[in-house]
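Structural description and commentary
Residue-level listing of the chains:
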Amino acid sequence: MGRAKKTRKFAVMKKLVSSKTLKKYKEEVLNPKKKDLEKEKLPRNVPSVSSALFFKYNTALGPPYRVIVDTNFINFSIQNKLDLEKGMMDCLYAKCTPCITDCVMAELEKLGQKYRVALRIAKDPRFERLPCTHKGTYADDCIVDRVTQFPIGDFPLFMDLWFFSLENK
């Protein structure tokens with residue numbers, strides 16, 4: 001009887017130790033303090049996070065809530081026959097003031113006759129109007145800038161958004 005053939009192992013290579021890794025290992029063993037000094041020289045960029053944020057929830061927010069509303073949220077409330085302010089109060093169990101930026105108003109005016117009901121709702125005197133100081137009328141960027149402009153607890157504000165892409169910004 002003959003010997004059984006051994007099957008080869010595919011894609012397996014022996015690890016080769018290069019001269020660079022040997023030198024590096026010797027330096028680390030001989031001079032352990034040198035490695036610590038290099039770490040101390042590097043600047044540490046640790047973003048400061050408010051203590052009011054517990055996981056992703058902001059505990060500094062309290063009533064009365066100011067809610068920034070965008071165009072799509074107004075259109076969604078019209079399609080589902082919801083009163084904006086009443087729906088917000090039912091959801092948050094507190095007094096809510098809907099806020100609309102100038103960019104959202106300009107966006108609604110640009111959309112024309114099809115969105116005239118949304119424009120009429122947005123011009124309601126119960127809604128707070130937030131003036132914009134930037135150029136252009138792109139509402140999504142305006143809302144993101146306004147929310148990121150203030151520290152967490154200083155300006156109690158909610159965002160009602162229909163687009164999930166803004167959630168990541």
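Per an unreviewed UniProt entry, the protein chain goes by the name rRNA-processing protein and belongs to Musa troglodytarum. In UniProt, the protein chain has this text filed under Subcellular location (unreviewed entry): "Nucleus, Nucleolus".

Bringing the nonpolar core into the picture now. By size, the foremost hydrophobic cluster in this structure holds 25 residues, and its most contacted members are I74, M88, I100 and L108. Among the secondary structure elements, those contributing two or more residues to this core are β3 (65-69), α3 (71-79), α4 (84-92), β4 (96-101), α5 (102-111), α6 (116-122) and α7 (139-149).

Turning our attention to the side chain of R66. Summarising the element assignment, R66 is placed in strand β3. A relative accessible area of 18% means that R66 is categorised as buried. A polar atom in the side chain of R66 sits 2.3 Å from the side chain of E128.

Contact geometry for α5 and α7: axes closest at 8 Å, N-to-C directions at 165°. With respect to α7, the axis of α5 lies roughly antiparallel. Like other packed secondary-structure pairs, α5 and α7 cross with a definite hand, here left-handed. Residues C103, V104 and E107 of α5 form the contact with α7, whose participating residues are A139, C142 and I143. For the contact of α5 with α7, the class distribution of residues is 5 nonpolar, no polar and 1 charged.

Scanning the model with the defined rule gives 6 salt bridges in all. Across the pair R66 and E128 runs a salt bridge, and its minimum N-O distance is 2.3 Å. Placement of R66 in strand β3 and of E128 in strand β5 (residues 128-130) is noted, with a sequence separation of 62 residues between them. Relative accessible area serves as the criterion here: at 27%, E128 is assigned to the partly exposed category. The partner of D90 in a salt bridge is K86, and the shortest N-O contact between them spans 3.5 Å. Pair noted here: D90 and K86 are both in helix α4, with a separation of 4 residues, about one helical turn. Each of D83, E85, D124 and R126 takes part in salt bridges that share partners, so that together they form one network.

Turning to the pairing of β4, a few remarks are in order. For a regular strand, side chains alternate in direction, first toward one face of the sheet and then toward the other. Along β4, 6 of the 6 residues are buried, which leaves the element largely enclosed by surrounding structure. Of the two faces of β4, both are covered, the one formed by C96, P98 and I100 as well as the one formed by T97, C99 and T101. In this sheet, β4 lies alongside β3 in parallel orientation, the contact comprising 4 bridges. Bridge pairing in β4 places Y65 opposite C96. Two elements, β4 and β5, share 3 bridges in a ladder whose sense is parallel. Within the sheet, the bridge partner assigned to I100 lies in β5 and is R129.

Thresholds, definitions, all that
- Residues numbered from 1 in each chain as written.
- Predicted model: local features only at pLDDT ≥ 70, side-chain atom pairs only at ≥ 80, totals over all residues.
- Heavy atoms only, no water.
- UniProt positions renumbered as here; feature names shortened; annotations may be inferred.
- Core = buried A, V, L, I, M, F, W, Y, C linked by side-chain atoms within 4.5 Å.
- Buried < 20%, exposed > 50% of the residue type's maximum accessible area, 1.4 Å probe, protein only.
- Helix = DSSP H or I, 4+ residues; strand = E, 2+ residues; numbered from the N terminus.
- Polar contact = N/O pair within 3.5 Å; in protein donor to acceptor, adjacent residues only side chain to side chain.
- Axes fitted to C-alpha atoms, helices over the stretch in contact; angles between N-to-C directions.
- Parallel < 35°, antiparallel > 145°, perpendicular 65-115°, else oblique.
- Left-handed = near helix turned anticlockwise from the far one by under 90°.
- Contact = heavy atoms within 4.5 Å.
- Nonpolar A, V, L, I, M, F, W, Y, C, P; charged D, E, K, R; others polar.
- Salt bridge = Lys/Arg side-chain N within 4 Å of Asp/Glu carboxyl O.
- Pairing = 2+ DSSP bridges.

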